[in-house]
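# Observations on chain architecture
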Amino acid sequence: ESTVLHDSPVAPLLDALRRLDRDRSLALLAAERSTRTAAGFGREIILPLAQLVGDQWALGRLSIAAEHLASEVVVPTLKAELTRQPGRGPLVLAACFPGERHEWGFLVALTELRDRGWRIQYHGADLPFNEVTEAAVKAWQKKEGRAQTGTVARGELVAFERLPVTVSLGKDIALALESYLNEVP
């Protein structure tokens, strides 16, 4: 562990988490974010920290409280990234599948899409597919100037590709769920 963490920017973060020091953890995250792009922050800090936290917890070297604190400081930081300088490109309505509460990697992927100009509406973890689909349909109806009912008449929807993972609502709106994001241009 000491060899892996030597000179790593995640070492002080892990230490702050072990000490259950929320303020220090937030300050360290903010400092690391200020020196990187959003994509770099995700790839160089968040994803390695997620791996390390998971490994340390699995080995019994990190308490459950510290692992939960990590999520409590990382997830809001990543969600805040999604609201910075929203893109003007296609809209992605995104959510984690029912039962899925591990958001870090997914949120990093969404920030990268946002950096590529996509507009992101993240609806959260552990959401039923039908509710996310309804939100996507309402966004499409709003864009089309239609009544926002959340339902679509047969033959009216532009495309269903690989349900239940993807719903495309015109060329500017896509409903994306966790496993689809790696395929989005």
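Parameters and conventions
- Residues numbered from 1 in each chain as written.
- Predicted model: local features only at pLDDT ≥ 70, side-chain atom pairs only at ≥ 80, totals over all residues.
- Heavy atoms only, no water.
- Helix = DSSP H or I, 4+ residues; strand = E, 2+ residues; numbered from the N terminus.
- Expected span 1.5 Å × (residues − 1).
- Buried < 20%, exposed > 50% of the residue type's maximum accessible area, 1.4 Å probe, protein only.
- Polar contact = N/O pair within 3.5 Å; in protein donor to acceptor, adjacent residues only side chain to side chain.
- pLDDT = per-residue confidence, 0-100.
- Contact = heavy atoms within 4.5 Å.
- Core = buried A, V, L, I, M, F, W, Y, C linked by side-chain atoms within 4.5 Å.
- Salt bridge = Lys/Arg side-chain N within 4 Å of Asp/Glu carboxyl O.
- Axes fitted to C-alpha atoms, helices over the stretch in contact; angles between N-to-C directions.
- Parallel < 35°, antiparallel > 145°, perpendicular 65-115°, else oblique.
- Left-handed = near helix turned anticlockwise from the far one by under 90°.
- Pairing = 2+ DSSP bridges.
- Right-handed = clockwise from strand over helix to strand, strands pointing away.

## Quick notes on helix H7 (residues 129–143)
- With 15 residues, H7 extends 21 Å between its outermost C-alpha atoms, agreeing within 8% with the 21 Å of an ideal straight helix rising 1.5 Å per residue.
- Of the positions making up H7, those classed as buried are Val132, Thr133, Ala135, Ala136, Val137, Ala139, Trp140 and Gln141.
- Once H7 ends, the next one or two residues include Gly145, with phi positive near 75 degrees.

## Quick look at the environment of Ser34
- Here Ser34 shows up in helix H3 (residues 22–34).
- Assessed through its relative accessible area of 62%, Ser34 is described here as exposed.
- Polar side-chain contacts of Ser34 include one of 2.7 Å to the backbone oxygen of Ala31.

## Observations concerning the confidence of the model for the protein chain
- For the protein chain, mean pLDDT is 81; residues scoring 70 or higher make up 79% of the total.
- The element-level mean pLDDT for the protein chain is lowest in strand E3 (residues 159–161), coming to 46, with H3 highest at 97.
- Note on residues 158–166: pLDDT under 50 across the span, and 23 contacts to partners over four residues away in sequence or across chains.
- Low pLDDT, under 50, characterises residues 177–185; the stretch is placed with 30 contacts to residues that sit more than four places away or in other chains.

## A few points about unusual backbone geometry
- A positive phi angle is found at Leu20, which is not glycine, with a value near 60 degrees.
- Here Leu20 shows up in the loop between helix H2 (10–18) and H3.

## Quick notes on the nonpolar core
- Counting 34 residues, the largest nonpolar core has Leu29, Ile46, Leu49, Val74, Leu110 and Tyr122 as the members making the most contacts within it.
- Those elements that provide at least two residues to this core are H2, H3, helix H4 (38–58), helix H5 (64–83), strand E1 (91–95), helix H6 (104–115) and strand E2 (119–122).
- Top contributing element to this core by residue count: H5, with eight residues.

## A short note on the pattern of salt bridges
- All chains considered together, the criterion is met by 11 salt bridges.
- Here Asp126 ties to Arg101 by a salt bridge, and the two come within 2.9 Å at their closest N and O atoms. Here Arg101 lies in the loop between E1 and H6 and Asp126 lies in the loop between E2 and H7, a separation of 25 residues in the sequence.
- Classification of Asp126 as partly exposed rests on a relative accessible area of 27%.
- Where salt bridges share partners, they join Arg33, Glu81, Arg84, Arg114 and Asp115 into one cluster.

## Considering the packing of H3 against H4
- Between H3 and H4, the least distance of the axes is 9 Å, while the angle of their chain directions is 130 degrees. In terms of orientation, H3 lies oblique with respect to H4. Pair H3 / H4 crosses with right-handed handedness. In this structure, H3 uses Leu29, Glu32 and Arg33 to contact H4, whose residues at the interface are Ala38, Phe41, Ile45 and Ile46.

## Topic: the pairing of E2
- Taking every second residue as pointing to the same face, the buried face of E2 carries Ile120 and Tyr122, while none of Arg119 and Gln121 on the other face is buried.
- Where E1 lies against E2, four bridges are found, and the strand directions are parallel. Note that in E2 the partner of Leu93 across the bridge is Gln121.
- Crossover E1 to E2 through H6 is right-handed.

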